[in-house]
Amino acid sequence: MNRLAIFDCDGTLVDSQHNICAAMEACFDAFGLPRPPQEKTRRVVGLSLVEAMQVMAPDAPPELHVEMAEEYKSAFQRMRLTGSVDEPLFDGVAELLDALETDGFLLGVATGKSDRGLNLCLDCHDIAHRFVTLQTADRHPSKPHPSMIEQAMADAGAAPETSWMIGDTSYDIAMARAAGVTAIGVAWGYHAPEELWDAGAHHVASHPREIIELMRKAA
C-alpha cells in the first residue's frame, strides 16, 4: 500500500487568517450585520461555508446561511481581483513537503476551500503538481465527515494504516479519527494544541520538522 500524507490548507500549509477575517467582515457588512470578532471567525476555519455561517450567525434562517456563504465567496474573489489576498506558506512547510516526497510519501489535500480557491492558492506557490489528490468542500460533506480522506486514500491507493492527516483544527483531527488514519495536529494554526489533543490527535507538532521525524519513526 502507498503511504499518504494528507494536509489541510488554511492554517496548516498557508497562513490565510487575515484574508478569511477580511472576507467574513465584508460578508457581514453586506447583510448589515455587526462584524464578528476575528477569534470567532478563526474558530470556523476548516468548516464548509454554509456550516461556518450556521456557527457565525446561529439565529439566521437556513436560506440566509446559504446567501452569506455565496457573499463570502464573492468577497474573497473581489479581494483576489484587487491583489489583496496573501496566503504565505508557513515557515518549514516547503521543506516538509520536500522531505516527505523524498521518503516516498504521496501527498494530498483535504480542505474546506473550494476547488477554485485551493487551486489558486497552490498555483501561487507552484506546488499544485506535488499533490496526487485534492479534496475540497465543493464535492464533500463538511469536516469532520471522513468523506474527503476516504476519497483521498482511494485516489492514492493508500489504506488507513498507511495514511496520515495533518491539520490545525479539531475538525481535521475528528475527520482523521473518523476515517481511521493517524491524526497529526499542528500548533501553528487556528485551534490551540489542547483542543487538538482533546479531539483525539495522536501527535501535535510545534514545527513542520517534527512531522518529518514523527512520520519517519512510524514508517
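Treat the numbers as computed from the prediction; the structure is a model and nothing was measured. (Residues numbered from 1 in each chain as written. Predicted model: local features only at pLDDT ≥ 70, side-chain atom pairs only at ≥ 80, totals over all residues. Heavy atoms only, no water.)

A few words now on the nonpolar core. Phe7, Phe131, Ile211 and Met215 are the most contacted members of the largest nonpolar core, which has 28 residues in total. The leading source of residues in this core is helix H5 (residues 93-102), at five residues. If sequence neighbours within four positions are ignored, Met215 has contacts with Ala5, Leu100, Phe105, Trp164, Ile166 and Ile184. By size, the runner-up hydrophobic cluster in this structure holds 23 residues, among which are Met68, Ala75, Phe76 and Met79. (Core = buried A, V, L, I, M, F, W, Y, C linked by side-chain atoms within 4.5 Å. Buried < 20%, exposed > 50% of the residue type's maximum accessible area, 1.4 Å probe, protein only. Helix = DSSP H or I, 4+ residues; strand = E, 2+ residues; numbered from the N terminus. Contact = heavy atoms within 4.5 Å.)

This brings us to the packing of helix H7 (residues 147-156) against helix H8 (residues 170-179). Across the interface, H7 lies against H8 with an axial gap of 8 Å and an inter-helix angle of 55°. With respect to H8, the element H7 is oriented oblique. The handedness of the crossing between H7 and H8 is right-handed. For the pair formed by H7 and H8, the contact residues are Met148, Ile149 and Met153 on the first element and Met175, Ala176 and Ala179 on the second. Looking at side-chain class alone, the contact of H7 with H8 contains six nonpolar, no polar and no charged residues. (Axes fitted to C-alpha atoms, helices over the stretch in contact; angles between N-to-C directions. Parallel < 35°, antiparallel > 145°, perpendicular 65-115°, else oblique. Left-handed = near helix turned anticlockwise from the far one by under 90°. Nonpolar A, V, L, I, M, F, W, Y, C, P; charged D, E, K, R; others polar.)

Before going further, it helps to spend a moment on the packing of aromatic side chains. Using the criterion set out here, one finds three aromatic pairs in the structure. Ring geometry for Phe90 versus Trp188: centroids 6.4 Å apart, planes at 55°, classification tilted. Placement of the pair is Phe90 in the loop between helix H4 (62-81) and H5 and Trp188 in the loop between strand S5 (182-186) and helix H9 (193-199), with a sequence separation of 98 residues. Classification of Phe90 by relative accessible area gives buried; the value is 14%. Here the aromatic rings of Phe105 and Trp164 are separated by 5.4 Å at their centres, their planes lie at 80°, and the arrangement is edge-to-face. Placement of the pair is Phe105 in the loop between H5 and strand S2 (106-110) and Trp164 in strand S4 (residues 158-167), with a sequence separation of 59 residues. Here Phe105 falls in the buried class, since its relative accessible area comes to 4%. Arg3 extends its terminal NZ or CZ atom over the ring of Phe105, reaching a point 4.2 Å from the ring centre. (Phe/Tyr/Trp six-rings, centres within 6.5 Å; stacked < 30°, edge-to-face > 60°. Lys NZ or Arg CZ within 6 Å of the ring centre and 35° of its normal.)

Another point: the side chain of Asp8. Relative to the assigned elements, Asp8 resides in the loop between strand S1 (2-7) and helix H1 (17-30). A polar contact of 3.1 Å, which involves the side chain of Asp8, links it to the side chain of Thr12. With near-sequence residues (within four places) excluded, Asp8 lies in contact with Leu13, Ala110, Thr111, Lys143, Met165, Ile166, Gly167, Asp168 and Asp172. (Polar contact = N/O pair within 3.5 Å; in protein donor to acceptor, adjacent residues only side chain to side chain.)

For H4, which comprises 20 residues, the first-to-last C-alpha distance of 29 Å matches the rise-based estimate of 28 Å (1.5 Å per residue) to within 8%. Of all the residues in H4, the buried ones are Leu64, His65, Met68, Ala69, Glu71, Tyr72, Ala75, Phe76 and Met79. Buried-residue contacts for H4 involve H1 and helix H3 (49-56). Taken from the residues just after H4, Gly83 is the one with a positive phi, measuring 75°. (Expected span 1.5 Å × (residues − 1).)

If you trace the six strands from one edge of the open sheet to the other, you get S3-S2-S1-S4-S5-S6, paired in parallel fashion. On the outer flanks of this sheet lie strand S3 (133-135) and strand S6 (203-205), each paired with one strand and no other. Here the strands of the sheet are splayed against their neighbours by 20° on average, with no regard to which way each runs. Contacts between H8 and the sheet are confined to S2, S4 and S5, with S5 contributing the most and set at about 170° to the helix. (Pairing = 2+ DSSP bridges.)

Taking burial as the measure, the ten residues of S4 include eight buried ones, the bulk of the element. In terms of strand pairing, S1 meets S4 through five bridges, oriented parallel. Residue pairing in the sheet places Phe7 in a bridge with Ile166 of S4. Summarising the sheet, S4 and S5 pair through four bridges and their orientation is parallel. If you follow Ile166 over to S5, its bridge partner there is Ile184. Each parallel crossover has a hand, and for S4 linked through H8 to S5 it is right-handed. (Right-handed = clockwise from strand over helix to strand, strands pointing away.)

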